[in-house]
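Observations on the model geometry
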Amino acid sequence: MDKSRNLADVLIIGGGTSGGVAGKHLAEAGFHVVCLEQGTWVNPSDMPGNRPEYELLGAKQWSPNPNVRGSQYDYPINDSDADTQMWMYSAVGGTSLIWAGCWIRALPSDFRVRTLDGVADDWPITYEELSPYYDAVAREIGAAVLPGNTAYPANTSPAPMTAHSINKTGRKVAEGMNRLGWHWWPGCNGIATREYGSLKQCQRLGVCRMGCPENAKGTTDVTHWPIAMKHGAEVITRARVSRITVDEKGRANGAVYIQDGKEHFQPASVVVLAANGVGTPRILLMSQSSRFPEGLANSSGLVGKRLMTHPYGTSVGIYDDPLDDWLGPNGEQIQSMQFYETDTSRGFVRGAKWHTMPMTGPLAMIGRVRGENPLSSDLWGSEFCKKMEDSCNHMVEWVIMPEDLPEETNYVALDPQLKDSDGLPAPKIHYYQSENTRRLVDFNLQRSIECHLAAGATKAWVTNRGNPSGHIIGTTKMGNDPKTSVVDKFGRTHDVPNLYIVDASVFTTATAANITATTLALAKRTATYLVKHARGQEVGA
Amino acid sequence: MTGIVSGGPASEGNEAVPESLLGIAERKRLARLADALIPGGRFLPSASDARVHLRWIDHTLAARPDLYPVVSRVVATPGEASDVLARLVNESPAVFEDFAFAVAGAYFLNPKIRKLLGYPGTKPAKNPAYSDEAEHYLSEDLLAPVLKRGPIYRPTPPET
């Protein structure tokens, strides 16, 4: 094993979304930051969004599912015991390369679900505590938000840019929402409406989920890592971590990683895990030792447990007017929090966030015109062209994102057989939607059909349920009690005083909001805590 | 045959038939299979009229070489096109889905099809917003009913 590398003040495992935020903050504060990233840098010109074959590539080489993509930088995921897939991207910038850009704060009630609704757990922090960090990361990522959203407390600081146009599609369904008296608001996106720092103005290609070839979307390879590197941070790519090491007192002191088939050791005083809700528990479980026989930081037994995913549903409406339904960003046009909160008369607890998104292109329309009908005979042949003629450029889609409550029967484990290309155990996912989630989605989908019809749709139908969201949440729970949580309120593991976690695995509950804003706010808060308490921080030997 | 895309049936096309991936007979076979999936509509042409079996399947397979084994397998399956596809649906649905995806992918690569469906250009087009566009789509006080109802968030008790 190569042990020649110099000691890092902070080792960040994962150069993605949350790792970028932590890396920039810590490097700017003067720490020597080293990041180990399993993927590599992606050149925007290699992204498919401005090529004619973009949808073909988006379904394979740029698929959000690593099992479909099969890149040398991905690890395989056994999802045979799950009713969803784990979407992610391995690269500097991580899954932010393929995120839709929806920049949504959680709501105050999300942090208090046990107190308010008697389910799951309260977070050990409040919305008010996290709010300044939402403000800070909105400035860093380049958020575009119309201030004054009535779904949030009034004291939210303005985002650096005002919102994108809601386009014809957003206006059409907003009129329906107004007729029904329901809440809606122009979409909130981490996508630049003008030149902003290293970001260019959005060109509205509508292909955000295949990477932004225009550098207009907030991704940490553009917005964070270049700044961190100017302050001395090192990003080591193609570096797959096999385990975090500990000293004789049980403090983290570095990580072993494999690069091009060769083992290296990166020593560090503090270790920060930012490898997402699958990768982070996988590394902790692989870091088993005689001192930590159940995996690192796992005295609670909760590492990998309580996996949540936002298995969203979709509905569409067909409208007479041409709507330019392909026009970006993609990204949301409008959103609604009308049915976000619990109303027990509906037969479930908690609720959903809604948003409309553009259609990407004609290949993506096929699944929408097919709807929930699996019979190919009803789609192809004489009906195919008719349905495409009726639908393309005339469709609006509602995305119904449900809160997904935590259950210990949904979890990430190490697969006993499946290995990655370096021989490391692949993760195995055990996940099934709960009855509460199903009811919640069903109820909201029916309301979304009512909205389409109120907006003037000539037809409306449910297109899908249980979609993979790429939101991988909850597998290293945050809490005050070491017996019932993995990390404390600042993201520090209860068991290892110099090991922190900054990705969405720390969420106490899933919320029903897209996770990026909350993930980055938490990462910023943890990095701020690390800087502030550096003097008293225990370090590895 | 709706024939809005310029040119006649596949066999009368002006393009040279490339043989790099599929031979002439295979392309003719593909045309029949593709037409069974996409026979044309009110204004959309059939798959063969859109040259799916010529330039566009080559373009598709160049981008997605992983689809070639499925396309060549289905093309080589004997029988009436509609019968072959019906059997695949029942017996090998994953193969059918991949084949239909390749055919549809080739169809939608044709810029004329994209244009007929209302898509601007051969690929996602740059379309930056005008400076007043966001305001325009919120005109006539579109947000007024939302603002009039006031805050809807649920108050939370102090931390316990």
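Note on numbering: residues in each chain are counted from 1, in written sequence order. In the order they appear in the text, chains get letters beginning with A and ligands get numbers beginning with 1. With the structure being a predicted model, the display of local features is reserved for residues of pLDDT at least 70 and the display and counting of side-chain atom pairs for 80 or more, all residues being used for whole-chain, interface and lining totals.

Each helix and strand in chain B was counted, giving eight helices and zero strands. Beginning at the N terminus, the succession of helices and strands in chain B can be written as α-α-α-α-α-α-α-α. Using C-beta atoms placed from the backbone, we call a residue buried if 20 or more other C-beta atoms fall within 10 Å of its own, exposed if 12 or fewer do, and partly exposed for counts in between. Expressed as a percentage of the 160 residues in chain B, the buried residues total 39%. Sequence-distant contacts, at least 24 apart, represent 69% of the contacts inside chain B between residues at least 6 apart. Secondary structure counts use DSSP, requiring at least four H or I residues in a row for a helix and at least two E residues in a row for a strand, with both numbered from the N terminus. Contacts are defined on C-beta atoms placed from the backbone: any two residues whose C-beta positions lie within 7 Å are in contact.

Here we come to the interface of chain B and chain A. Interface size is commonly expressed as the accessible surface area that is lost when the partners come together. Across the boundary between the two partners, chain B contributes 50 residues, which contact 65 residues of chain A. Taken together, the elements giving at least two residues each to the side of chain B that touches chain A come down to α1 (24–37), α2 (52–63), α5 (93–109), α7 (133–136) and α8 (144–149) of chain B. No other element matches α5 of chain B, which puts six residues into the side of chain B that touches chain A. Tallied by class, the residues present in the side of chain B that touches chain A amount to 29 nonpolar, eleven polar and ten charged. Polar here means any residue outside two lists: the nonpolar Ala, Val, Leu, Ile, Met, Phe, Trp, Tyr, Cys and Pro, and the charged Asp, Glu, Lys and Arg; Gly therefore counts as polar.

Attention now goes to the nonpolar core. Formed by 204 residues in total, the largest nonpolar core has its most connected members in Leu-11, Ile-13, Val-33, Val-271 and Val-272 of chain A together with Val-103 and Tyr-107 of chain B. Here this core gets ten residues from one element, more than from any other, and that element is α5 of chain B. The contacts of Val-272 of chain A, once residues within four sequence positions are left out, are Val-10, Leu-11, Ile-12, Ala-22, Tyr-500 and Val-502 of chain A. What makes a nonpolar core is a set of buried Ala, Val, Leu, Ile, Met, Phe, Trp, Tyr and Cys residues, with links drawn between C-beta atoms within 7 Å.

All names here are of chain A. All axes here are fitted lines through C-alpha atoms, helices being fitted over the stretch that makes contact, and every angle between N-to-C directions spans 0 to 180 degrees. Viewed as axis vectors pointing N to C, helix α10 (residues 362–370) and helix α11 (residues 382–391) meet at an angle of 105 degrees, and their least axial separation amounts to 10 Å. In terms of orientation, α10 and α11 fall into the roughly perpendicular class. Within the contact between the two elements, α10 uses Pro-362, Met-365, Arg-368 and Val-369 and α11 uses Lys-387, Met-388 and Ser-391. Looking at side-chain class alone, the contact of α10 with α11 contains four nonpolar, one polar and two charged residues. Here the angle decides the label: under 35 degrees means roughly parallel, over 145 means roughly antiparallel, 65 to 115 means roughly perpendicular, and every other value means oblique.

This part covers unusual backbone geometry. All names here are of chain A. For the peptide bond that leads from Gly-328 to Pro-329, omega is 5 degrees, which places it in the cis range. Structurally, the position occupied by Pro-329 is in the loop between β9 (312–318) and β10 (334–336). Cis rather than trans, the peptide bond between Asn-330 and Gly-331 has omega equal to -10 degrees. Following the sequence through the fold, Gly-331 ends up in the loop between β9 and β10. One non-glycine residue, Asp-324, lies in the positive phi region at around 50 degrees. Residue placement: Asp-324 occurs in the loop between β9 and β10.

This paragraph deals with the sheet that holds strand β15 (residues 459–467) of chain A. Residues and elements named next belong to chain A. Here we have six strands laid out as an open sheet, ordered β4-β10-β11-β12-β9-β15, and antiparallel in their pairing. Of all strands in the sheet, those bounded by a partner on one side alone are β4 (185–186) and β15. Pairing between strands is defined by DSSP: at least two bridges between the two strands are required. Here two bridges tie β4 to β10, and the two strands are oriented antiparallel to one another. Paired with Pro-186 across the bridge in β10 is Ile-334. Contacts between helix α6 (residues 167–180) and the sheet are confined to β10, β11 (352–357) and β12 (395–402), with β10 contributing the most and set at about 30 degrees to the helix.

Let's shift gears to the sheet that holds strand β14 (residues 425–431) of chain A. All names here are of chain A. Read from one edge to the other, the open sheet built from three strands follows the order β3-β14-β13, with strand pairing classed as mixed. Strands at the two margins of the open sheet, each flanked by one partner only, are β3 (78–82) and β13 (411–419). With direction set aside, neighbouring strand axes in the sheet form an average angle of 35 degrees. The pairing of β3 with β14 spans three bridges and is parallel.

Take helix α13 (residues 516–532) of chain A next. Along an α-helix, residues three or four positions apart point the same way, because every turn accommodates 3.6 residues. Here α13 of chain A is 17 residues long and its end C-alpha atoms lie 24 Å apart, about the 24 Å a rise of 1.5 Å per residue gives. Taking burial as the measure, the 17 residues of α13 of chain A include 13 buried ones, the bulk of the element. An expected span of 1.5 Å times one less than the residue number is assigned to each helix.

Further remarks concern the confidence of the model for chain B. Atom-level detail of predicted coordinates should not be read off regions where pLDDT is low. All names here are of chain B. The predictor's confidence in any single residue is recorded as pLDDT, a number from 0 to 100. Summing up the model confidence of chain B, the mean pLDDT is 88 and the portion of residues at 70 or higher is 86%. Segment residues 1–18 is flagged for pLDDT under 50; beyond a separation of four residues in sequence, or across chains, it makes 35 contacts in the model. Both scores are given for the predicted complex: the pTM is 0.96, the ipTM 0.95.

Further remarks concern the pairing of β11 of chain A. Residue and element names in this part refer to chain A. For β11, the buried fraction is high: six of the six residues fall into the buried class. Of the two faces of β11, the one holding Ala-352, Trp-354 and Thr-356 and the one holding Lys-353, His-355 and Met-357 are both buried throughout. Here six bridges tie β11 to β12, and the two strands are oriented antiparallel to one another. Following the sheet pairing, Thr-356 is matched in β12 by Trp-398.

Residues and elements named next belong to chain A. For helix α5 (residues 127–141), with 15 residues, the first-to-last C-alpha span of 20 Å sits near the 21 Å given by 1.5 Å per residue. Among the residues making up α5, those that are buried are Tyr-127, Leu-130, Tyr-133, Tyr-134, Val-137, Ala-138, Glu-140 and Ile-141. Those residues of α5 that are buried are in contact with α1 (17–28), α7 (220–223) and α13. The positive-phi residue at the C-terminal boundary of α5 is Gly-142, with phi of around 85 degrees.

Here Arg-87 of chain B is to be found in helix α4 (residues 81–91). When the C-alpha positions of Arg-87 of chain B and Val-75 of chain B are compared, they lie 14 Å apart, and in sequence the two are twelve residues distant.

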